[in-house]
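Topology and contacts: notes
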Amino acid sequence: MPTPKYYSSRDQDKNLVSFEDALLKGLAPDGGLYLPEFIPQIDPATWKYAASIADIGVNVLYEWLKDEISLNDLEDIVRDALNFSVPTVKLKDNLYVLELFHGPTLSFKDFGARTMARLMQHFLKKRNEKRIILVATSGDTGSAVADGFAGMDNIKVVLLYPKDKVSEVQERQLVIKRNGVQALAIKGDFDDCQRLVKEAFMDPELAHLPLSSANSINIGRLLPQSLYYLWAAANSKQKENNFCIPSGNLGNLTSAIFASLMGLNVKRFIAAHNSNDFFPKFLNDESEAFDFKSTVSTLSNAMDVGAPSNFERIYSLIPKETLSDWLWSTVVDDDATVKRMKYCYDNYEYIVCPHTAVGLEAVQRYRHETADDTNFINVATASPAKFPEAISQAIWLDPPKDPSLEALKEKEINVIEIKAKLKALKRHLLDL
Ligand SMILES: *Cc1c(COP(=O)(O)O)cnc(C)c1O
């Protein structure tokens, strides 16, 4: 069986490119997102009896990539990228939290970013080429990508983040000086950052630069993110699980959908959103496709996305009727988020970040509405240590300090502030 090739979500003819091309391009030339022509079917034994997520990673990604990379090279990449623990924590019977924040920058973004960085490095070396990675971040992507790519030969990173719209800790993670990385503080919101990245890709004066993207639109991030659903399901020992995914740009949900299309038994997915409510409204029929909104700032700021870019992917992958069957969604505002953080601490002595709390609140609402009490795995997308302000607001305590975050306070920084204008961004890119 050959491995899948990729087409653009905007290409009626479905012209195919290799994984290597889709990975190195990021966004398709027509502005669409790359989708696999088919999803490889994986034997459940591959994950059920695996000893680590890296074992799952090697075997599952090989089924996706074996036409383009040797097992040896893939194994080196995956074991080096996924070298941290991925524990499941029990809150009570049939309610678990999957902690995806034990990587170096303490959010789930490390899975995708670290794997993608190493895959890109591999293919660029083979081609003897260089890249400039442009990445828009609402908080956690930037630090994960900066960390994942730092110091790699052949690759520079320029990261754009909305100034004053990320937490102090997130900002510290973004702006520390790293080899080959430039942080740009944009005077605007996350949608401005994403728009600037898209405009830069389309700009003829930048066409000679080897630009590539690394936000959750890159297919190279989505594949590794599907692995932890398989790992969590294997550890749960249940025939079937429900997963709740705190969502923003819908990359994590797209990865979960990939896992299920590979053969993972999932009863229901919940897409838990904060007040940026485009997707829940779309699913509940209140909103037409592409009726996007501007971004609202919330406590769970890594999910502050008015126009989720992976929506286009999900929408072309799965018809709306099927989506509405698989997926349940709700809108959790800051008030309900803070209450759920407090409830979680009071009842389970477990401290969650605001994103994870949006998920737990959604699980509770789903159970209330459906009386379904089968096993739930709620994805914990970031460490509470990254959000001390929100934690102390909710539970009147400081979260436990994380030594790696404390160490950042001593490090040198490197950041430039610019207007949310393509002209300003271009000046920097042309100077690199
Ligand atoms: C990025 C992020 C999300 C949202 O994930 P998407 O893939 O954009 O839907 C949720 N929580 C945290 C902590 C994040 O960093």
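For the rest of this paragraph, the subject is unusual backbone geometry. Unlike most non-glycine residues, Asn94 shows phi in positive territory, near 65 degrees. Assignment of secondary structure puts Asn94 in the loop between β3 (88–92) and β4 (95–99). Positive phi values are uncommon outside glycine, yet Trp396 reaches one of about 60 degrees. Relative to the helices and strands, Trp396 is located in the loop between α17 (388–395) and α18 (403–408). On the accessibility criterion, Trp396 (76% relative accessible area) is exposed.

The local shell around the ligand holds 15 residues, among which Lys109, Asp140, Gly248, Asn252 and Thr381 are the closest. Within the backbone of Asn249, a nitrogen or oxygen atom sits 2.8 Å from an oxygen atom of the ligand. Contact distances for the ligand include 2.8 Å between a nitrogen atom and a side-chain N or O atom of Thr381. Protein coverage of the free-state accessible area of the ligand, which is 380 Å², stands at 98%. Looking at the shell around the ligand residue by residue, the classes come out as six nonpolar, seven polar and two charged.

Moving on, we get to a nonpolar patch on the surface. Taken together, the side chains of Phe290, Phe292 and Tyr315 define a hydrophobic patch exposed on the protein surface, amounting to about 280 Å² of accessible area. Looking at the element boundaries, Phe290 is found in the loop between α12 (278–283) and α13 (311–317).

Our focus in this paragraph is the packing of helix α4 (residues 71–81) against helix α5 (residues 109–127). Contact geometry for α4 and α5: axes closest at 8 Å, N-to-C directions at 145 degrees. Note on packing geometry: the crossing formed by α4 with α5 is right-handed. The segment α4 lies against α5, with Asp73, Leu74, Ile77, Asp80 and Ala81 engaging Arg114, Thr115, Arg118, Leu119 and His122.

A word on helix α6 (residues 140–149). Counting buried residues along α6, nine of its 10 residues qualify, which places the element largely inside the surrounding structure. Three or more residues of α6 are buried, namely Asp140, Thr141, Gly142, Ser143, Ala144, Val145, Ala146, Gly148 and Phe149. At its buried positions, α6 is contacted by α5, β5 (131–136), β6 (155–162), α7 (168–175), β7 (181–187) and α9 (219–225). Backbone geometry just after α6 places Gly151 at a positive phi near 75 degrees.

Right, let's get into the sheet that holds β4. What holds strands together in a sheet is hydrogen bonding between their backbones, with the strands either parallel or antiparallel. Spatial strand order, β3-β4-β12-β9-β10-β11: six strands in an open sheet with mixed pairing. Whereas interior strands pair on both sides, the edge strands pair on one side only; in this sheet they are β3 and β11 (327–331). Recorded for the sheet is a direction-independent mean angle of 25 degrees between the axes of neighbouring strands. Across five bridges, strand β10 (residues 266–273) lies against β11 in parallel orientation.

Judged by side-chain charge, Lys419, Lys421, Lys423 and Arg427 come together as a positively charged surface patch. In this structure, Lys421 sits in the loop between β13 (415–419) and α19 (422–431).

With 19 residues, α5 ought to run about 27 Å at 1.5 Å a step, and its terminal C-alpha atoms sit 27 Å apart, in line with that. Among the 19 residues of α5, 16 are classified as buried, and the element is accordingly described as predominantly covered. One or two residues past the end of α5 sits Asn128, with phi positive at roughly 55 degrees.

Another point: the environment of Ser107. By secondary structure assignment, the location of Ser107 is in the loop between β4 and α5. It is 8.6 Å that separates the C-alpha atoms of Ser107 and Thr141, two residues lying 34 residues apart in sequence. Excluding residues that lie within four positions of it along the chain, Ser107 makes contacts with Leu100, Phe101, Asp140, Thr381, Ala382 and Lys386.

The next subject is the environment of Ala424. The topology assignment puts Ala424 in helix α19. In sequence terms Ala424 and Ile186 are 238 residues apart; their C-alpha atoms lie 9.7 Å from each other. For Ala424, the residues in contact, after removing those within four places along its chain, are Ile418 and Lys419.

Inspection of every chain in the model, using the stated rule, returns 29 salt bridges. As a salt-bridge pair, Glu417 and Lys187 come within 3.8 Å of each other at their nearest N and O atoms. Of this pair, Glu417 sits in strand β13 while Lys187 sits in strand β7, and the two are 230 residues apart along the sequence. When the shortest N-O distance is used, the salt bridge between Arg340 and Glu361 registers 3.0 Å. Here Glu361 lies in helix α16 (residues 354–370) and Arg340 lies in helix α15 (residues 334–348), a separation of 21 residues in the sequence. For the pair formed by Arg340 and Glu361, the shared burial category is buried. Where salt bridges share partners, they join Glu20, Asp21, Lys126, Arg127, Glu129 and Arg131 into one cluster.

Each value, and the rule that gives it
Residues numbered from 1 in each chain as written. Predicted model: local features only at pLDDT ≥ 70, side-chain atom pairs only at ≥ 80, totals over all residues. Heavy atoms only, no water. Helix = DSSP H or I, 4+ residues; strand = E, 2+ residues; numbered from the N terminus. Buried < 20%, exposed > 50% of the residue type's maximum accessible area, 1.4 Å probe, protein only. Near = heavy atom within 4 Å. Polar contact = N/O pair within 3.5 Å; in protein donor to acceptor, adjacent residues only side chain to side chain. Areas by Shrake-Rupley, 256 points an atom, 1.4 Å probe, with all protein chains shown as cover. Nonpolar A, V, L, I, M, F, W, Y, C, P; charged D, E, K, R; others polar. Patch = residues over 30% accessible without salt bridge, like charges linked within 9 Å, V, L, I, M, F, W, Y side chains within 5 Å. Salt bridge = Lys/Arg side-chain N within 4 Å of Asp/Glu carboxyl O. Axes fitted to C-alpha atoms, helices over the stretch in contact; angles between N-to-C directions. Left-handed = near helix turned anticlockwise from the far one by under 90°. Contact = heavy atoms within 4.5 Å. Pairing = 2+ DSSP bridges. Lys, Arg positive; Asp, Glu negative; His and termini not counted. Charge placed at Lys NZ, Arg CZ, Asp CG, Glu CD. Expected span 1.5 Å × (residues − 1).

Purely spatial values, then, with no claim about function.
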